[in-house]
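# Structural overview for review
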Amino acid sequence: MEKKTLCRICTAHCPILVEVDESGQPVSARGDKENPHSEGFFCLKGKHFPDLHTSPNRLRHSLARGSSGRLEAIAAEEAMDAVAARIQAIIDEHGTQAVAVYMGTLFYQLPQTAAVATAWMNSLRLRLRFGSGTIDQPGKQIAAAAHGQWLAGSHVFDECDTWMLVGTNPLVAISGGIPHANPARRLKRAQARGLQLVVIDPRRTETARHAALHIQPRPGTDPAVLAGILREVISQGLVDEAFVRDNVDGFQTLRAEVESFTPERVARRAGIEADQIVRAARLFGSARKGAVTAGTGANMSGWSNISEYLVLCLNTICGRYRLAGDLVANPGVLTTRRSFKAQPLAPYPIDGFGEPLRSRPDLSPAVCGLPTSGLADEILLEGDGQIKALITIGGNPMRAWPDQKKTRAALETLELHVCVEPHLTDTARLADFVLAPKLPLETPGCSLSTENLSTISPAFGYSEPYGQYAPPVATPPPDSDLREDWEFFYGLAQRMGLDLTIAAGVFPIAGVDTPTSVLDMENKPSSEEILDLVTKNSRIPLDRLRNDRDKVLFGDEDPVFVEGRDEDNEARLDVGSQRMFEELHEFSSGDRFEREGFEYRLISRRMANTFNSVGTDIEALASRYGTNPAFMHPDDLDREGFARGDLIRVASPHGEIEAVAWPDKDLRPGLVSICHCWGGDPKEPSDVRKVGINTGLLISVEEDCGRFSGIPLMSALPVRVAPG
Ligand SMILES: Nc1nc2c(c(=O)[nH]1)N[C@H]1C(S)=C(S)[C@@H](COP(=O)(O)OP(=O)(O)OC[C@H]3O[C@@H](n4cnc5c(=O)[nH]c(N)nc54)[C@H](O)[C@@H]3O)O[C@H]1N2
Ligand SMILES: Nc1nc2c(c(=O)[nH]1)N[C@H]1C(S)=C(S)[C@@H](COP(=O)(O)OP(=O)(O)OC[C@H]3O[C@@H](n4cnc5c(=O)[nH]c(N)nc54)[C@H](O)[C@@H]3O)O[C@H]1N2
Ligand code: SF4
Ligand SMILES: [Mo]
């Protein structure tokens with residue numbers, strides 16, 4: 001029987017139909033062609049979503065490290081008893097500063113998990129919370145704090161005639177930039193009605209192929225390219241002067257700061273044609289509606305904050321926002337009911353939220369959270385305040401954290417490591433307890449996490465009022481003893497005598513009071529009840545989605561228009577932030593990442609068939625290359641004497657890896673492009689052709705880390721290559 005639900009591997013949350021056998025096990029999946037939003041779009045990973053539920057690598061029981069030193073099956077309730085007692089003992093002896101939590105990508109994709117686990121951390125007053133966001137695109141939050149936010153939102157893709165993407169490849173990552181639901185088709189339609197796409201990426205990506213203008217710069221030079229475009233927008237007279245006059249401070253500072261980035265100077269620094277900067281400014285600035293957005297490429301290559309800040313400045317001086325009286329394209333479905341006002345939220349503090357890490361006096365909690373790149377060192381540094389316990393939820397540190405060897409050493413040092421994880425990952429193998437959860441097809445869910453992404457960046461989230469409820473459609477594997485992720489935190493709270501208050505939404509919405517609810521700690525709420533609470537006061541009640549599963553678009557509700565500015569609102573956006581421009585000065589003074597003898601640059605990329613570490617152990621998803629190859633331009637391969645499939649060595653100033661060479665004519669010469677989150681445990685011998693290699697081995701968490709977030713240099717990293 002086929003059942004309607006949502007894929008939950010990545011944030012696209014594609015509507016799918018899952019075939020379930022008589023015993024309730026999911027067998028196959030396909031895109032839901034009747035869904036008017038996605039029109040059947042899904043990907044190969046989604047096709048194999050059922051395999052994640054039935055794979056032999058899936059845990060059927062929780063695990064605990066026994067006296068033999070091996071991980072052994074343990075009943076879920078017993079596991080919670082033991083984990084609660086161990087955490088409590090550590091807190092009693094060392095205080096809550098000895099307990100840290102790492103929230104990976106899946107944490108944010110499961111609304112009940114995010115809500116209840118956060119409530120548990122709040123109740124314990126845990127300070128040491130780390131997330132994958134600080135090794136992803138932390139400049140977004142930092143730049144937003146320096147710049148302020150426009151509370152009526154940005155133009156959305158479907159209404160725009162220009163669009164600019166910096167270091168992001170939405171046709172593969174399906175992660176924002178172009179709306180998730182069928183991005184290729186949306187792009188095609190938008191182009192048919194005249195949208196001009198500009199892509200800035202050192203690789204001629206699947207997305208760049210469709211661009212009216214593709215700028216292919218040296219990696220790590222986005223600040224130059226963006227400053228150059230800003231300068232041209234200003235000198236070509238393309239500034240939205242009325243918007244700037246009414247809403248923006250710092251314009252003269254911005255003009256002065258970008259003045260030296262002439263097209264010729266940018267061309268030299270970025271290795272491009274000067275004319276491309278002039279054209280990009282014209283394409284972007286002269287259109288009526290549009291937006292520019294950046295992705296991981298622009299954030300991992302050394303200049304996360306200033307690149308994201310310049311992106312916001314470009315949107316702002318071109319007035320790429322909705323104004324009073326405009327129709328709000330997506331006023332929300334499952335997020336908190338709110339009004340949209342044509343006014344700024346003034347800039348707010350970037351940092352100053354508490355003590356720096358003990359191991360890293362340069363890294364303090366900032367608006368993007370605590371720096372995950374500092375977590376391994378913080379665990380390793382002995383003495384007062386050392387972290388004794390780590391709880392990992394929906395993440396895979398051994399694959400994802402930069403500096404894999406240090407990560408391993410840190411995980412081994414812990415007194416207690418608890419993973420909430422459905423698969424026996426490299427990280428789970430090192431844990432003391434693995435709490436085995438049900439997977440999304442076995443639990444109720446909804447599209448809230450993806451809708452809520454709109455709070456993170458322009459061009460994220462849904463561009464239309466879309467919402468879907470996803471009931472449980474499969475039963476957990478036979479003879480399993482699993483709980484939903486959130487139930488583990490509820491169970492720990494009960495055992496530790498904690499009260500839980502959960503907040504609606506997954507990410508807070510600027511300018512909106514988040515509704516909260518106190519949980520009954522005696523009679524456990526159901527998962528459906530938790531869903532009701534995380535969608536409390538939503539514009540469309542979740543029950544309506546439950547009761548009519550075919551209705552997923554809510555554009556026929558009363559339209560919502562942008563309201564005028566509050567009378568007492570005097571806030572202004574800031575395009576002249578000195579703290580941000582300090583980074584542009586540093587950038588201007590030369591290439592601080594250059595290292596003699598390392599003539600190539602390693603850049604990041606995503607592979608279509610795997611999602612970070614997810615799917616790397618599923619044959620059908622890994623088999624295209626069997627590994628994560630080291631892509632190089634064919635001319636570079638010839639020059640080095642490498643052929644397709646050769647083993648080569650790639651060395652950075654911090655480490656060396658063996659990888660499989662692969663030609664990619666779409667790369668700018670001088671680059672090596674390797675996908676992250678592959679590779680086994682560095683302490684155990686493994687075949688790179690079968691398990692791939694971890695690029696985290698090349699990355700340093702000590703040098704070249706970004707200000708405020710600590711994001712290491714994970715793209716544009718200097719490397720050299722040699723035969724394997
Ligand atoms: N060198 C380098 N490193 C990188 C990057 C890079 O480009 N280059 N990219 C970075 C980025 S952008 C990110 S976001 C991070 C990703 O960092 P992580 O989030 O730490 O890594 P993932 O592989 O996404 O981890 C997801 C985990 O969730 C588990 N999981 C799946 N379903 C469920 C579920 O229902 N419940 C629970 N509890 N767990 C589940 C999966 O098995 C998997 O182990 O990696 C970063 N690391
Ligand atoms: N299939 C698949 N989808 C995914 C993921 C996955 O692993 N697989 N991961 C998910 C996650 S966690 C995230 S955060 C998102 C990320 O989504 P995106 O940010 O879109 O990630 P990528 O597809 O890697 O695109 C980054 C691009 O940046 C380019 N780049 C590298 N260095 C530079 C630079 O210095 N400057 C510029 N301008 N470009 C540069 C690369 O060539 C690459 O094309 O994707 C999500 N979706
Ligand atoms: S893009 Fe693929 S992995 Fe992501 S939600 Fe859709 S089907 Fe699942
Ligand atoms: Mo990410």
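In what follows, the structure referred to is the one given above.
What counts and what doesn't
Residues numbered from 1 in each chain as written. Chains lettered and ligands numbered in written order. Predicted model: local features only at pLDDT ≥ 70, side-chain atom pairs only at ≥ 80, totals over all residues. Heavy atoms only, no water. Helix = DSSP H or I, 4+ residues; strand = E, 2+ residues; numbered from the N terminus. Buried < 20%, exposed > 50% of the residue type's maximum accessible area, 1.4 Å probe, protein only. Contact = heavy atoms within 4.5 Å. 1 Å grid on protein atoms, 1.4 Å probe; cavity = no way out; pocket = protein on both sides within 12 Å on 5 of 7 lines; lining within 4 Å. Points joined across faces, edges and corners; volume = space filled by probe spheres on them. Nonpolar A, V, L, I, M, F, W, Y, C, P; charged D, E, K, R; others polar. Near = heavy atom within 4 Å. Polar contact = N/O pair within 3.5 Å; in protein donor to acceptor, adjacent residues only side chain to side chain. Areas by Shrake-Rupley, 256 points an atom, 1.4 Å probe, with all protein chains shown as cover. Domains from an automatic or database assignment. Phe/Tyr/Trp six-rings, centres within 6.5 Å; stacked < 30°, edge-to-face > 60°. Lys NZ or Arg CZ within 6 Å of the ring centre and 35° of its normal.

### Details of the overall build of the protein
Broken down by element type, the protein carries 27 helices and 28 strands. Dimensions of the protein along its principal axes, counting C-alpha atoms only, are 70 × 65 × 55 Å. The buried share among the 724 residues of the protein stands at 63%. Considering only residue pairs separated by 6 or more positions, the protein has 76% of its internal contacts joining residues 24 or more positions apart.

### Structural notes on the layout of surface pockets
Roughly 420 Å³ of internal volume is contained in the second largest pocket. When contributions to the lining of the second largest pocket are tallied by element, the ones reaching two or more residues are α18 (404-413), β26 (656-663) and α27 (688-691). In terms of residue count, the dominant contributor to the lining of the second largest pocket is β26 (three residues). Classifying every residue of the lining of the second largest pocket by side-chain character gives nine nonpolar, 10 polar and eight charged.

### Some remarks on the site of ligand 2
Contacts to ligand 2 come from 34 residues, most closely from Thr168, Asp201, Asp222, Thr296 and Thr610. Side-chain polar atom of Asp201 to an oxygen atom of ligand 2: 2.7 Å apart, as the coordinates give it. Met607 places a main-chain nitrogen or oxygen 2.9 Å from a nitrogen atom of ligand 2. Contact with the protein chains removes 97% of the 920 Å² of surface that ligand 2 exposes when unbound. In terms of residue class, the shell around ligand 2 is built from 10 nonpolar, 17 polar and seven charged. Built from parts of two domains, the shell around ligand 2 gets at least three residues from each of domain 2 (155-320 + 572-584) and domain 3 (593-723).

### A closer look at the packing of aromatic side chains
Taken as a whole, this structure holds 15 aromatic pairs when the rule is applied. Ring plane angle 75 degrees and centroid distance 5.1 Å describe the contact between Phe107 and Tyr108, whose orientation is recorded as edge-to-face. Overall, Phe107 belongs to the buried group, its relative accessible area being 3%. Ring centres of Tyr625 and Phe631 lie 5.4 Å apart, and the angle between their planes is 85 degrees; this geometry places the pair in the edge-to-face category. The ring of Phe284 carries the charged tip of Arg320 above its face, separated from the ring centre by 4.9 Å.

These figures come from the coordinates and say nothing about function on their own.
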